[in-house]
Amino acid sequence: MLKPWQAALYQALLVMTSLVMLYPVAVMVLSAFKTTGEIYASPFALPESFALRNLATIWHETRFLAYLGNSLLVTATSIALMLAAGTLAAYALARYAFRGNEAIYLFFLAGLMVPLKLAVIPLFIELRALGLIDNRLGLVLVYAAIGLPSTVFIMTGFLRTIPAELEEAARIDGAGEGRILFRIMLPLSRPALVIAGIHNAVPIWNDFFFPLVLIQSDHAKTLPQGLTVFMGEYSTDWGVLFAGLTLSALPLTLIYVALSRQFIAGLTSGAVKG
Amino acid sequence: MGAFMPNMSPRLRRPLWIALLLTPALLLMIGFVTLPILSALVYAFYKWQGLARIGFAGFENFRLILFQPPFSTWTYNAFFHNLIVFVSLMVVQNGTAFFLAWMLSKGLRLHRFHQVSLFLPVILSTVIIGFLWKLFLNPLFGLVNQTLVAIGLASWAQPWLGQPSTALASLIVVNAWHWVGFPTLVYLAAMQRIPREILESAEIDGAGEWTRIRRIVWPLVAPATTIVVILTFIGSFNWFELPYIMSGLEGPPFHSTDVLGLYFYRTAFGTVSAALQDFGRGSALAVLIFLFILCISAWWVRILRRREIDL
Amino acid sequence: MSPLFRLGATLALAVSAAAPAFAAELTFWSWRQEDRAAYQEIIADFNKLHPDVKIKFEAFEPTSYNTILSTALAGGKGPDLIQARAYGGLEAFAKPGYFLALDKTMVPELDNFAPDVLAAESMREDGKVYAVPFATQTVLILYNKELFQKNGVNPPESWEDMIAAAKAFKAKGVMPFANGTATAWQNEILMGAFGPSLYGREFNGDLVSGKATFQDKRFVDALAKLTELKEHLPQGFTGVDYPTMQQLFISGRAAMIAAGSFEIANFRRQNPKLEIGVIPGPAAAKGGPRLVSLFVDGGYAINAKTEHRADAIKFIRYVATPRFGDLFSSKLGNISPIKGVKIEDGLLADVARLNASSSPYVMLVNFRYQEPTGSTLIQSGVQKMMAGQATPVEVGADVTKGIAAYYKPFQK
């Protein structure tokens, strides 16, 4: 139990931290209502008006809803694919002894260490051969592959900490490998899945490099890619960009808030009696 | 193997099952990561002019990057900065994350609100974060300098991003602000799994808060630390987006914020206003970065895993 | 296979099947996001002459444009018409054979350009032209006419005049200059605006031939003079970046800005009430020559592998005509290098007049062909010098040493 002064101190620190975290976000949201000139002239004041002119610009000059839909589709599918394949592989690496275990683990980890942008030309050529240029599926496969290393890394880390007794008990009860994996191991790994999912969902959602290179048609563009239209050579329309990027952050935020409830539930259910 | 992985049933061999588990991920990785990367790494052994391969270069590109000024100067300068970034982030970002997680784990009032607000910056695009903080750090009308003047510390107001002494540090602080939510979450998850009885009995035995943190919590969250250390290490050496937005591809002021990620990008793809594309040198640099991170990570993994076992 | 895969395969088929239906639609790629609307008008005008050639204009984020273009060309899916850079930037694409070589039989309108302008869009090794130039840009000083009038200051002609003007502005609480050194390439602009008037007309030629290097007294003295500007730049100028600089001038808080002529269209758009004037960098001594820096901005090229060569050539010929040049200058606020173009806008006409007394924008034109480029070296050199961390002599030496690694005339 915490002494009252300790609880008060912790609360104070947490409140301060939250303020430091939220204040810039508030500035961002307010800036979404300003023009570029206004952002520089009075960056921290309230906007002159809450007119939705920036939003109107986005609506008229980009296919915002289409881009949003594409981003949702691409991100969700990539995450699903990556978590599925990654967790299976992590399970094998974490719970089974076999020759080459460490080597395969390092092989996956190595995928984190190269700047993947380097491979953009061979990747383009390969996707073109597969007919996947200008195709959201191509983007999904690339993102899923890119996210595998960190997924495998995080999931292996968590799966290894689950005690063997659980497994043994289940085996004695006659459960097969599949059952053990899906009925016991996976539910216990919910927090890790959330962490791995978030760790990859955010960069995928916000990425514009790969879409810019691999997607050429307007109907398949993702949201950040679509918003780059406001980044000019000598001037960037920051007001509009802020509005767009604020909107772009909403889906992930909502998902996170919803998931955090899950997450806390997952956390407490994960505490194993030792 | 048993001692290395204590929770495993050593006698079980299910080769087919294991292969099934591994195949989808391996196929994806090899198809869309490994093969393209290997093709690209081959570029390092050729001479390039723009997009044209104009001859075999052997190890010339590597020689340029490692031994020929100004290229080599840039290489070591960038590398040194990456090291600084890694160490600083470990302390500033991950140290703070650990304590934040501890405080959150107490389940105080409003802790869910704090958890969400802490994590909110993580979700935001680096483009927005970089620009926002550039505004805050603007020497003329940035909030940081305005606040300093307002509270009477006008002499501390300086062009944070314009001086080599403060530029990199500023970027590190912004990065910590952006990402601290993530290691906090990882630590929180690990702390939540510590059985309450252990902590309670320690308290009954008279151990103070700090002692409990040092002797019980810290060792028991070793797996989380492994994850955080390795991801921070790799992230520090691949650092690109934030310095790109806040400083620019050349790592100004005069290369004091230059890191390997920026150096690689402008070498391989050029900049609009100065550097020319050179896939040969870019690939060579990527090869070297990769080898370095691979060796160190393999070593880290070994050490950290052993620590997990010991603890 | 999963429904997603089937969907993906169907999509891929649909996209590839749809392509031949749009016969003779050429794709035209550019990095000029700001100009999208103007290019639609240009294409509409082109269609008055050639109604059967459809052109689809696509603009991309400028810093990624090179990567996007490189990847598409390397992967065989490039556009038909390409907006390209000049000098070293052009050679990067022309050398691998991605651009179609243009000659007078294919494009007789090439005669509408001066030889040195065409040289900017040619490969040095074969002398062939690979793109039709679209604009020249000038590096000079823009000033706020209203602020000058209100404060009773005259546009300065000599360096002394300028320093006096700066002091006068400061006394009245107006920022003399908007410039900052935080953004790397702005340091090259600073040098480009003030340099030529200080180091003189012959210096460029001497550099190219190797008679002088960047350690020449003329250049080092010019650099030294730049440091005199420091006290007239905004406070904390080492942290003032490009957008901040622009905003300072646009909002009327600064009287002058060393900038490129490409800012004019941009500034006007953001503040239509701004009255902009242009002057060259001030002369070193009273009555001395005043020069601006000049360079070719870029050109339009044809993809060597295009399937619509004849149509593409029609467009390329169009953009080499004065008819296009007039439209281009008026719609895009840039100076077209085509002979016979009438520049309607007063300010642009002023710039065109100043171009008669110019020197090439030294690093871009001569030394951006190989790494380390002159631009990279001078940008960090001037930045360091203005921060007080390097002397003009050191900067001159660094730049010379870097370039001498590959530039034979310096290797003595």
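Residues numbered from 1 in each chain as written. Chains lettered and ligands numbered in written order. Predicted model: local features only at pLDDT ≥ 70, side-chain atom pairs only at ≥ 80, totals over all residues. Heavy atoms only, no water.

A look at the overall build of chain B
So, step 1. Of regular secondary structure, chain B possesses 14 helices and two strands.
So, step 2. Each of the three principal axes of chain B carries a C-alpha extent, and together these read 70 × 70 × 30 Å.
So, step 3. Counting across all 311 residues of chain B, residues that qualify as buried make up 61%.
So, step 4. Once local pairs closer than 6 in sequence are excluded, the contacts in chain B between residues at least 24 apart make up 65%.
So, step 5. When the accessible surface of chain B is summed, it comes to about 12200 Å², and 68% of that surface belongs to carbon and sulfur atoms.
So, step 6. A gap of 6 Å separates the mean positions of the 21 positive and 12 negative side-chain charges of chain B. (Helix = DSSP H or I, 4+ residues; strand = E, 2+ residues; numbered from the N terminus. Buried < 20%, exposed > 50% of the residue type's maximum accessible area, 1.4 Å probe, protein only. Contact = heavy atoms within 4.5 Å. Areas by Shrake-Rupley, 256 points an atom, 1.4 Å probe, with all protein chains shown as cover. Lys, Arg positive; Asp, Glu negative; His and termini not counted. Charge placed at Lys NZ, Arg CZ, Asp CG, Glu CD.)

Looking at the pattern of salt bridges
So, step 1. Taken as a whole and judged by the stated rule, the model has 38 salt bridges over all chains.
So, step 2. Measuring nitrogen to oxygen at the nearest pair gives 2.9 Å for the salt bridge that ties Glu 167 of chain A to Arg 171 of chain A. Residue Glu 167 of chain A and its partner Arg 171 of chain A are located together in helix H8 (residues 164-172), separated by four residues, close to a single helical turn.
So, step 3. Here Glu 167 of chain A falls in the buried class, since its relative accessible area comes to 0%.
So, step 4. Salt bridges sharing common partners tie together Glu 233 of chain A together with Arg 32, Glu 34, Asp 35 and Arg 85 of chain C. (Salt bridge = Lys/Arg side-chain N within 4 Å of Asp/Glu carboxyl O.)

Considering the pairing of strand S2 (residues 54-59) of chain C
Looking along a regular strand, one sees the side chains alternate between the two faces of the sheet.
Residue and element names in this part refer to chain C.
So, step 1. Sheet topology places strand S1 (residues 25-30) next to S2; six bridges connect them, and they run parallel. What sits directly across from Ser 30, in S2, is Ala 59.
So, step 2. Assessed by its sense of winding, the connection that carries the chain from S1 through helix H2 (residues 36-49) to S2 is right-handed. (Pairing = 2+ DSSP bridges. Right-handed = clockwise from strand over helix to strand, strands pointing away.)

Side note on the interface of chain B and chain C
So, step 1. Taken together, the contact between chain B and chain C spans 31 residues of the former and 43 residues of the latter.
So, step 2. Here chain B packs against chain C, burying approximately 3000 Å² in sum over the two surfaces, 64% of which is carbon and sulfur.
So, step 3. Of all residues in chain B, the largest losses of buried area upon contact with chain C belong to Leu 51, Phe 254 and Leu 276 of chain B, amounting jointly to 22% of the total for that side.
So, step 4. Our count for the contact surface shared by chain B and chain C stands at two salt bridges. (Buried area = accessible area lost by both parts, 1.4 Å probe.)

Quick look at the packing of aromatic side chains
So, step 1. Taken as a whole and judged by the stated rule, the model has 78 aromatic pairs over all chains.
So, step 2. With centroids separated by 5.9 Å and ring planes inclined at 80 degrees, the aromatic side chains of Phe 71 of chain B and Trp 74 of chain B adopt a geometry described as edge-to-face. Linking Phe 71 of chain B with Trp 74 of chain B, this pair stays in helix H3 (residues 71-104), spanning three residues, or about one helical turn.
So, step 3. Seen in terms of ring centroids, Tyr 199 of chain C and Phe 219 of chain C are 6.1 Å apart; in terms of plane orientation they differ by 40 degrees. Their pairing is tilted. Here the residue Tyr 199 of chain C occupies a position in helix H8 (residues 184-199), and Phe 219 of chain C occupies one in helix H10 (residues 217-227), the gap between them amounting to 20 residues.
So, step 4. Sitting above the plane of the Trp 31 of chain C ring, Arg 85 of chain C keeps its charged end 3.7 Å from the centroid. (Phe/Tyr/Trp six-rings, centres within 6.5 Å; stacked < 30°, edge-to-face > 60°. Lys NZ or Arg CZ within 6 Å of the ring centre and 35° of its normal.)

Things to note about the nonpolar core
Generally speaking, nonpolar side chains in soluble globular proteins are found buried as a group.
So, step 1. Ranked by size, the top nonpolar core spans 326 residues in total, and within it Phe 210 of chain A together with Phe 194, Phe 214 and Leu 226 of chain C carry the most contacts.
So, step 2. Residues contacting Leu 226 of chain C, with those up to four places away along its chain left out, are Leu 190, Met 191, Phe 194, Val 382, Met 385 and Met 386 of chain C.
So, step 3. Of all hydrophobic cores here, the second largest spans 22 residues; its members include Ile 264, Phe 267, Leu 348 and Val 351 of chain C. (Core = buried A, V, L, I, M, F, W, Y, C linked by side-chain atoms within 4.5 Å.)

A look at the interface of chain A and chain B
So, step 1. Taken together, the contacts link 106 residues of chain A with 100 residues of chain B.
So, step 2. Summed over both sides, the interface of chain A with chain B buries roughly 9900 Å², with 77% coming from carbon and sulfur.
So, step 3. With a shortest N-O distance of 2.9 Å, Glu 102 of chain A and Arg 302 of chain B are connected by a salt bridge.
So, step 4. A per-element tally of the side of chain A that touches chain B places helix H1 (residues 4-31) of chain A first, with 17 residues.
So, step 5. When its residues are assigned to classes, the side of chain A that touches chain B shows 82 nonpolar, 14 polar and 10 charged. (Nonpolar A, V, L, I, M, F, W, Y, C, P; charged D, E, K, R; others polar.)

Concerning the confidence of the model for chain C
All names here are of chain C.
So, step 1. This prediction gives chain C a mean pLDDT of 91; 94% of its residues lie at or above 70.
So, step 2. In this model residues 17-22 is a low-confidence stretch, pLDDT under 50, and it forms zero contacts with partners more than four residues away in sequence or in other chains.
So, step 3. Both confidence scores are given for the complex: pTM 0.88, ipTM 0.85. (pLDDT = per-residue confidence, 0-100.)

Details of helix H3 (residues 62-74) of chain C
So, step 1. Taking 1.5 Å per residue, 13 residues should reach 18 Å; H3 of chain C reaches 19 Å between its end C-alpha atoms and fits that length.
So, step 2. Counting buried residues along H3 of chain C, 10 of its 13 residues qualify, which places the element largely inside the surrounding structure.
So, step 3. Every buried residue belonging to H3 of chain C is among Pro 62, Ser 64, Tyr 65, Thr 67, Ile 68, Leu 69, Ser 70, Thr 71, Ala 72 and Leu 73 of chain C, and all of these are buried.
So, step 4. Buried residues in H3 of chain C make contact with helix H6 (120-129) and helix H11 (209-214) of chain A, helix H13 (260-269) of chain B together with S1, strand S3 (81-84) and helix H4 (88-94) of chain C. (Expected span 1.5 Å × (residues − 1).)

Structural notes on the packing of H3 of chain B against helix H11 (residues 222-238) of chain B
The axes of two packed helices give the description: the angle between them and the distance between them.
Residues and elements named next belong to chain B.
So, step 1. In contact at an axis separation of 9 Å, H3 and H11 are set at 145 degrees when each is read in the N-to-C sense. Viewed along their axes, H3 and H11 form a crossing whose handedness is right-handed. Residue-level contacts link Phe 79, Asn 82, Leu 83, Val 85, Phe 86, Leu 89, Met 90 and Asn 94 of H3 to Val 228, Val 229, Thr 232, Phe 233, Ser 236 and Phe 237 of H11.
So, step 2. Grouping the amino acids of the contact of H3 with H11 by side-chain chemistry returns 10 nonpolar, four polar and no charged. (Axes fitted to C-alpha atoms, helices over the stretch in contact; angles between N-to-C directions. Left-handed = near helix turned anticlockwise from the far one by under 90°.)

Let's talk about the pairing of strand S4 (residues 132-144) of chain C
All names here are of chain C.
So, step 1. Of all 13 residues in S4, 13 are buried, a share of seventy percent or more.
So, step 2. Pairing analysis gives five bridges linking S4 to strand S6 (residues 254-260), with the strands arranged antiparallel. Residue pairing across strands places Leu 140 opposite Ala 259, the latter belonging to S6.
So, step 3. Bridge count between S4 and strand S7 (residues 276-279): four bridges; the pairing is antiparallel. Opposite Leu 142, over in S7, you have Val 278 as the bridge partner.

Let's talk about the domain arrangement of chain B
So, step 1. One can read the domain layout of chain B as domain 1 (1-37) and domain 2 (62-310).
So, step 2. The straight-line distance from the C-alpha centre of domain 1 of chain B to that of domain 2 of chain B is 31 Å. (Domains from an automatic or database assignment.)

Observations regarding helix H15 (residues 346-354) of chain C
In an α-helix, one full turn covers 3.6 residues, which means residues spaced three or four apart are oriented alike.
All names here are of chain C.
So, step 1. For H15, the complete set of buried residues consists of Leu 347, Leu 348 and Val 351. Buried residues along H15 cover an arc of 100 degrees about the axis, so they all sit on one side.
So, step 2. Where H15 is buried, its residues contact S4, helix H12 (263-270), S7 and helix H14 (322-332).
So, step 3. A distance of 3.0 Å separates the backbone nitrogen of Leu 347 from a side-chain oxygen at the start of H15, and that oxygen is part of Asp 345. (Arc of directions from axis to C-beta. Polar contact = N/O pair within 3.5 Å; in protein donor to acceptor, adjacent residues only side chain to side chain.)

Focus: the environment of Ala 192 of chain A
All names here are of chain A.
So, step 1. Within the secondary structure, Ala 192 is located in helix H10 (residues 190-206).
So, step 2. A residue is classified by how much of its surface remains accessible, and Ala 192, at 0% relative accessible area, is buried.
So, step 3. Taking the C-alpha atoms as reference, Ala 192 lies 29 Å from Ala 119; in sequence the two are 73 residues apart.
So, step 4. Discounting residues that sit within four places of it in the chain, Ala 192 has contacts with Ile 154, Met 155 and Phe 158.

Section: the domain arrangement of chain C
Residue and element names in this part refer to chain C.
So, step 1. Each assigned domain of chain C is listed with its residue range as follows: domain 1 (22-136 + 296-352) and domain 2 (137-294 + 356-411).
So, step 2. Distance between the C-alpha centres of domain 1 and domain 2: 29 Å.
So, step 3. Of the residues lining the interface, 16 residues belong to domain 1; the matching set on domain 2 comes to 17 residues.
So, step 4. Approximately 1500 Å² of surface area, both sides summed, lies buried where domain 1 meets domain 2, with 58% of it carried by carbon and sulfur atoms.
So, step 5. Counting the surface domain 1 buries against domain 2, the share from its top three residues, Tyr 87, Leu 347 and Val 351, is 41%.
So, step 6. On the surface where domain 1 and domain 2 come into contact, there are one salt bridge.
So, step 7. Between Asp 345 and Arg 268 there is a salt bridge, with its nearest N and O atoms 3.2 Å apart.
So, step 8. Where domain 1 meets domain 2, there are three residue pairs in polar contact (both at pLDDT 80 or more).

A word on a nonpolar patch on the surface
All names here are of chain A.
So, step 1. Among the surface-exposed residues, Trp 5, Leu 9, Leu 13 and Met 16 lie close enough to one another that they form a single nonpolar patch of about 420 Å² accessible area.
So, step 2. Within the fold, Trp 5 resides in helix H1.
So, step 3. Residue classification places Trp 5 among the exposed positions, given a relative accessible area of 55%. (Patch = residues over 30% accessible without salt bridge, like charges linked within 9 Å, V, L, I, M, F, W, Y side chains within 5 Å.)

Some details on the packing of helix H11 (residues 242-250) of chain C against H12 of chain C
All names here are of chain C.
So, step 1. Running from N to C, H11 and H12 point in directions that differ by 60 degrees, and their axes come no closer than 10 Å. One way to sum up the angle between H11 and H12 is to call them oblique. The two elements H11 and H12 meet at a crossing, and its hand is right-handed. Residue-level inspection shows Tyr 242, Gln 246, Gln 247, Phe 249 and Ile 250 of H11 in contact with H12, the latter providing Glu 263, Asn 266, Phe 267 and Gln 270.
So, step 2. Here the contact of H11 with H12 is built from residues that sort into four nonpolar, four polar and one charged. (Parallel < 35°, antiparallel > 145°, perpendicular 65-115°, else oblique.)

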